[in-house]
Every structure is written in structure tokens, then in C-alpha cells.
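Architecture and fold: a report
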Amino acid sequence: MWPERNGVFGGGGNSPYGRGDRIKTKENRMSSTRVGAHVDQSDPIGSAQSVGGNVAQIFLGDPQSYKGPVVSYPGGSAALRVAAQEAGVDLYVHAPYPINVASTNNRIRIPGRKLLQEHVTAAAEIGARGIVVHGGHLRVGEDAAAGFDNWRKCIDGLDLPIPLLIENTAGGDNAMARRLAAIEQLWEAIGRAEGADQVGFCLDTCHAHAGGNDVGTVADRVRAITGRIDLVHANDSRDDFGSGADRHTGIGSGHIDPGALGDVLRAAGAPVVVETPSQGQADDISWVRAHLS
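Residues numbered from 1 in each chain as written. Predicted model: local features only at pLDDT ≥ 70, side-chain atom pairs only at ≥ 80, totals over all residues. Heavy atoms only, no water.

**What to know about the overall build of the protein**
Each helix and strand in the protein was counted, giving 10 helices and 10 strands. A burial count over the protein gives 55% of its 293 residues as buried. Counting every atom, the protein has about 11800 Å² of accessible surface; 47% of that belongs to carbon and sulfur. (Helix = DSSP H or I, 4+ residues; strand = E, 2+ residues; numbered from the N terminus. Buried < 20%, exposed > 50% of the residue type's maximum accessible area, 1.4 Å probe, protein only. Areas by Shrake-Rupley, 256 points an atom, 1.4 Å probe, with all protein chains shown as cover.)

Written out as C-alpha cells, the structure reads:
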């Protein structure tokens, strides 16, 4: 997705963001949409607030490692949970990159399932609204049906106290969640698993663009498949449409049409996280808020 080590980061009706049962107009829903950024895990609340956000997405530990989750916030999980509630900042966790539960390789799939469960549990302990994980992929030439079924088995075996949000990916010809046709097959497989109601969708705009999906219409097309969009990663792309390259950039500085980006944010109707270079996140959050109304 986007390597934090470089400093550049490359819901709907079923969203965990219910605000009571008062019926809202579309305009009111947009104006109340929660917006924030992927930030440093040591001080997610302060970091999110410093760029004008009320949502903070974080890693729990090293995103490139199979090591278990680490909560670096002073006082640990309980302290972070309380502090976020008091500050009115909603937390999301992004699972480590090596997780690929679709894989047919036991040495990748089995440790990945274990690591995913550890991060789900840790995310719940800090009060996260959901945990984001990539859809994964198979090797070239492998039968994609095996990957979709591995996802079903994974969901069957997970304890999900919070929503697991599967994110669309930018590249890979045998990816489980790059193209809409694959997402449809993935959702059909997951729908046969126990706990499927706790599986949601995270829509990344850079990944959609790089994956060859029209950004302006992708929210409606995804929702037609999944029935829900729980979180949006609002990112511009450094590369051309359909490139398969996962390289984020600040909103307005890449190749995604700004009008289409605004359209997808409004259509998704979900909380928004920008995963863009930290020095421009405040401007990106301001842009998102302006284009939600």
C-alpha cells in the first residue's frame, strides 16, 4: 500500500459510525462525516488534531513485520482508548503488509491468519472502529478461486469483535481485490462464512485509479457488490490510470481528476482517512471537508 518508512503513504449504512437513529438529510450526513489521517502511532490523537482531523489511522508496531502488535502509546491500550474517547478522535488500525490470507502457500497464509487475529484483538482493545487489511493475491497462474475460498476459511476462523475492512489494491493480475469482478467473487465467498456481517470494505482512491477502476463511479459500483463502504482512503496517485502502481501523493498533485475524487467521497458516505505525505495532510483534510458538502 504505502510504506510509512519513506514518510509517503503510497460507512455506508453498515458503517460503525452510527450517530443515533435520527434521520439525516444527505447534506447533514456529508457535513458530519469524520475525516482524518494516517498518523504516527506514538501520539495518534495529537497528530490527528494537529492536521485538523478527528480520525486517526495507525499501525500497531512494524507494518513490514510478522511480529505481533505493539501499542507504543504511553499507558498502553487502555490509556489510548480512554484518551481517544475523551478527545472525540475515532481510531482505525491498519494491519501489517505481509498478511496475505489468500495465499496457497502455507508458510504465508497460516502465519498471516495468526498475525491478523492478533492485530484484530489489539485493535479492539484500543477501541478502534475497524481494522483495515489488504485483499491479498495469488501467484501468476494459480486459480483465483482458491484464494477466494482461503478468505472464506479465514473469516470462518477469526474472532471479530470489531469490523474487518478489506481494502482494494492497486496492482497484481491475480489480486483478490483489485478489479470489480474479483471483488464480486471475493464477496460471494466471504458471504458463505460465519462472521461475514463483520466484514466491511475500505475504498482506496489511489488504488482504484491505479487498478483501472473509474474513480468517479467506483463507490456506487463497489456498494452494489458489497452492500457497504465503511472507510475511504482519500489519496491522489502519482501514476497514470491502470498503471498498477501504488504510489500516493497529495490531493490535487497527482493524476486523479479532482472532480471525480469529490464525487467518490460524497457517494461513499463514509469516514475518510488521507494517507498522503504528512506535510500536506492539513491541506488534504481541508480539501476533503470542502468537497464533502
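**Brief notes about the pairing of strand 1 (residues 35–38)**
Where strand 1 lies against strand 10 (residues 272–274), three bridges are found, and the strand directions are parallel. Looking at the pairing, Ala-37 lines up with Val-274 of strand 10. Bridge analysis of strand 1 against strand 2 (residues 55–58) gives three bridges, and the strand direction is parallel. Residue pairing across strands places Gly-36 opposite Val-55, the latter belonging to strand 2. Note that the unit made of strand 1, helix 2 (residues 44–50) and strand 2 has a crossover that is right-handed. (Pairing = 2+ DSSP bridges. Right-handed = clockwise from strand over helix to strand, strands pointing away.)

**Considering the side chain of His-248**
As for its position among the elements, His-248 is in strand 9 (residues 248–249). The buried category is assigned to His-248, whose relative accessible area is 1%.

**Re the pattern of salt bridges**
Going through the model one piece at a time under the given rule, you end up with 15 salt bridges. A salt bridge links Asp-149 to Arg-152; the nearest nitrogen and oxygen atoms lie 2.7 Å apart. You can see Asp-149 and its partner Arg-152 sitting in helix 5 (residues 144–157), three residues apart, about one turn around the helix. With relative accessibility at 21%, the residue Asp-149 sits in the partly exposed group. (Salt bridge = Lys/Arg side-chain N within 4 Å of Asp/Glu carboxyl O.)

**Re the environment of Ala-270**
Tracing the chain through its elements places Ala-270 in the loop between helix 9 (258–268) and strand 10. In sequence terms Ala-270 and Arg-228 are 42 residues apart; their C-alpha atoms lie 9.2 Å from each other.

**Section: the sheet that holds strand 4 (residues 131–134)**
Sheet strands associate in pairs through backbone hydrogen bonding, adopting either a parallel or an antiparallel arrangement. Sheet architecture is closed into a barrel: eight strands sit in the order 1-2-3-4-5-6-7-10, paired in parallel fashion. Shown here is a sheet whose adjacent strand axes are inclined to one another by a mean of 30°, direction ignored. (Axes fitted to C-alpha atoms, helices over the stretch in contact; angles between N-to-C directions.)

**So, the confidence of the model for the protein**
Taken as a whole, the protein shows an average pLDDT of 91; of its residues, 89% reach a score of 70 or greater. Within the model, pLDDT remains below 50 along residues 1–29, and this stretch shows 78 contacts once partners closer than five positions in the same chain are excluded. (pLDDT = per-residue confidence, 0-100. Contact = heavy atoms within 4.5 Å.)

**What about the nonpolar core?**
Leu-116, Trp-151, Leu-164, Leu-265 and Val-288 are the most contacted members of the largest nonpolar core, which has 75 residues in total. Among the elements that take part in this core, helix 6 (residues 180–190) stands out by supplying seven residues, more than any other. With seven residues, the next largest nonpolar core counts Tyr-92, Val-132, Leu-165 and Cys-202 among its residues. (Core = buried A, V, L, I, M, F, W, Y, C linked by side-chain atoms within 4.5 Å.)

**A short note on the packing of aromatic side chains**
All chains considered together, the criterion is met by two aromatic pairs. Plain terms: the ring middles of Phe-59 and Tyr-97 are 5.7 Å apart, the flat faces sit at 75° to each other, and that makes the pair edge-to-face. Of this pair, Phe-59 sits in the loop between strand 2 and helix 3 (76–87) while Tyr-97 is found in the loop between strand 3 (90–94) and helix 4 (106–125), placing the two residues 38 residues apart along the sequence. With a relative accessible area of 17%, Tyr-97 lands in the buried category. (Phe/Tyr/Trp six-rings, centres within 6.5 Å; stacked < 30°, edge-to-face > 60°.)

**Overview of helix 9**
Each α-helix turn comprises 3.6 residues. Residues three or four places apart therefore point the same way. Turning to helix 9, its buried residues are Ala-260, Leu-261, Gly-262, Val-264, Leu-265 and Ala-268. In this structure, the buried residues of helix 9 make contact with strand 6 (199–204), helix 7 (205–210), helix 8 (215–226), strand 7 (231–233), strand 10 and helix 10 (281–292). Backbone geometry just downstream of helix 9 places Gly-269 in the positive-phi region, at approximately 60°.

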